[in-house]
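Close look at the chain arrangement
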Amino acid sequence: MRGYGVRLLLAIAAAAFGIVSAWAADCGDSADGFNEWLASFKQVAIRDGVSPQIVDAALNGVAYQPAVSAHDRSQGFGQSFAVFSARHATPALIKKGKTMLLAYAEPFQKIEQRYGVPAPVLAAIWGLETGYGGDLGAYPTFSALATLAYDCRRAEIYRAELVDALMIVQRGLLQPGQMRGAWAGEIGQTQFMPSAYLKYAVNVEGGGGGNLMSPADALASTANFLRGHGWQPGAGWDEGQPNFPALLEWNSAPVYAKTIALLADKLAQP
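Residues numbered from 1 in each chain as written. Predicted model: local features only at pLDDT ≥ 70, side-chain atom pairs only at ≥ 80, totals over all residues. Heavy atoms only, no water.

Each helix and strand in the chain was counted, giving 14 helices and two strands. A sequence separation of at least 24 residues applies to 72% of the contacts in the chain between residues at least 6 apart. Surface summary for the chain: the accessible area is close to 10,900 Å², and the carbon and sulfur share equals 53%. (Helix = DSSP H or I, 4+ residues; strand = E, 2+ residues; numbered from the N terminus. Contact = heavy atoms within 4.5 Å. Areas by Shrake-Rupley, 256 points an atom, 1.4 Å probe, with all protein chains shown as cover.)

This part takes up the state of the cysteines. Evaluation of the coordinates by the stated rule reveals one disulfide. Disulfide partner of cysteine 27: cysteine 152, at an S-S distance of 2.1 Å. Note on the cysteine 27 and cysteine 152 pair: the S-S dihedral is about 100°, so by sign convention the disulfide is right-handed. One end of the pair, cysteine 27, is in the loop between α1 (9-15) and α2 (34-47); the other, cysteine 152, is in the loop between α9 (141-150) and α10 (155-170), and 125 residues separate them in sequence. Residue classification places cysteine 152 among the partly exposed residues on the basis of a relative accessible area of 44%. (Disulfide = S-S within 2.5 Å. Buried < 20%, exposed > 50% of the residue type's maximum accessible area, 1.4 Å probe, protein only.)

We now examine the packing of helix α8 (residues 119-130) against helix α14 (residues 254-268). α14 packs onto α8 with a crossing angle of 125° between their chain directions and a minimal axis gap of 8 Å. Between α8 and α14, the angle is such that the two are oblique. For α8 against α14, the interelement crossing comes out right-handed. For the pair formed by α8 and α14, the contact residues are Pro120, Val121, Ala123, Ala124, Ile125, Leu128 and Glu129 on the first element and Tyr256, Thr259, Ile260, Leu263, Ala264, Leu267 and Ala268 on the second. Taken together, the residues of the contact of α8 with α14 break down into 12 nonpolar, one polar and one charged. (Axes fitted to C-alpha atoms, helices over the stretch in contact; angles between N-to-C directions. Parallel < 35°, antiparallel > 145°, perpendicular 65-115°, else oblique. Left-handed = near helix turned anticlockwise from the far one by under 90°. Nonpolar A, V, L, I, M, F, W, Y, C, P; charged D, E, K, R; others polar.)

Turning next to the pattern of salt bridges. Under the definition given, this model contains five salt bridges. Glutamate 106 is the salt-bridge partner of lysine 110, the closest N and O atoms lying 3.9 Å from each other. You can see lysine 110 and its partner glutamate 106 sitting in helix α7 (residues 105-115), four residues apart, about one turn around the helix. With a closest N to O distance of 2.8 Å, lysine 110 and glutamate 205 form a salt bridge. With a gap of 95 residues between them, lysine 110 in helix α7 and glutamate 205 in the loop between α11 (194-200) and α12 (215-228) connect regions that are remote in the sequence. Salt bridges here are not isolated pairs; linked through shared partners, they connect Asp72, Arg153 and Arg154. (Salt bridge = Lys/Arg side-chain N within 4 Å of Asp/Glu carboxyl O.)

Take α2 next. For α2, spanning 14 residues, the distance from its first C-alpha to its last is 20 Å, which sits close to the expected 20 Å at 1.5 Å a residue. Contact partners of the buried residues in α2: α3 (52-59), α9 and α10. Backbone geometry just downstream of α2 places glycine 49 in the positive-phi region, at approximately 110°. (Expected span 1.5 Å × (residues − 1).)

Let us now look at unusual backbone geometry. In this model, tyrosine 132 sits at a positive phi of 60°, which is unusual for a non-glycine residue. Position of tyrosine 132 relative to the elements: it lies in the loop between α8 and β1 (139-140). Take tyrosine 132: its relative accessible area is 5%, and that puts it in the buried class.

Take asparagine 224: it is sitting in helix α12. The exposure class assigned to asparagine 224 is buried, which follows from its relative accessible area of 18%. Within the structure, asparagine 224 has its side chain in polar contact with the backbone oxygen of tyrosine 200 (distance 2.9 Å). Discounting residues that sit within four places of it in the chain, asparagine 224 has contacts with Tyr115, Tyr200 and Val202. (Polar contact = N/O pair within 3.5 Å; in protein donor to acceptor, adjacent residues only side chain to side chain.)

Looking at the element boundaries, lysine 199 is found in helix α11. Sequence separation between lysine 199 and serine 221 is 22 residues, and the spatial gap between their C-alpha atoms is 9.4 Å.

Under the criterion given, the structure shown has 13 aromatic pairs. Here phenylalanine 34 and tryptophan 37 contribute two aromatic rings whose centre-to-centre distance is 5.9 Å and whose plane-to-plane angle is 35°, an arrangement assigned as tilted. Taken together, the positions of phenylalanine 34 and tryptophan 37, both in helix α2 and three residues apart, correspond to about one turn of that helix. Of the two residues, phenylalanine 34 and tryptophan 37, both sit in the buried class. Relative to phenylalanine 225, the ring of phenylalanine 192 lies with its centre 6.2 Å away and its plane at 85°, an arrangement referred to as edge-to-face. Of the two residues, phenylalanine 192 is situated in the loop between β2 (180-181) and α11 and phenylalanine 225 in helix α12; the sequence distance between them amounts to 33 residues. When its relative accessible area of 2% is taken as the criterion, phenylalanine 192 is described as buried. (Phe/Tyr/Trp six-rings, centres within 6.5 Å; stacked < 30°, edge-to-face > 60°.)

Further remarks concern the side chain of aspartate 72. As for its position among the elements, aspartate 72 is in helix α4 (residues 66-74). Look at aspartate 72 and you get buried, because its relative accessible area is 3%. Ignoring any residue separated from it by four or fewer positions in sequence, one finds aspartate 72 in contact with Leu148, Arg153, Arg154 and Trp183.

Here's what the structure looks like:
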């Protein structure tokens, strides 16, 4: 779901980039110093293999976003499962989800055959994350990521994600202007962080480099993510069952993972 937590894979992304440790002391909690830091980051990104043209196209005009920093400091799952699931796995979301299962029946079938992840699970994630594509988020991804990369709280993690976002553009997967999403940098129909985009994005036919703004590609990529995190075809997904840990890899908050499972159960009913 947009704005709710940062998935555990961020820590993996941070570890993958040795460049980030040198910047740990170069950070702030306001716009003061942001432009100077961004100028230095551009040079580091270029040294890391991103072309100067891509760096300029993506980062020129990027601005510090106080709302992003405020969101990051206030995030959390303070609600009980009963309250959270009642607010989010609503009858309207269930009704629309059943419609989407029919509308995308063919790609759902292809995806399950390839990755073993049933359509109700993918539809549940899609519905919770963006309302089946109805709200992909309005934050400019590069400004959001740069703000969090400059913030002292988790600078190393987000600097790695910002480099990955630049690589998405360099590989021709998306243009900078297309990259808008959640305040924490997630993008696409099911809200992937840039590191996950690069690792798990596939098209619905199974090829690499899927466009996560496309529903079919995003659903295939979500299935690829779950399979890559231990999803067992044919096994259950509720808490205590073999596939629940894979849902926790999607979002580490138990209340959220349990809500995915609940919504998937309801979508699986006739």
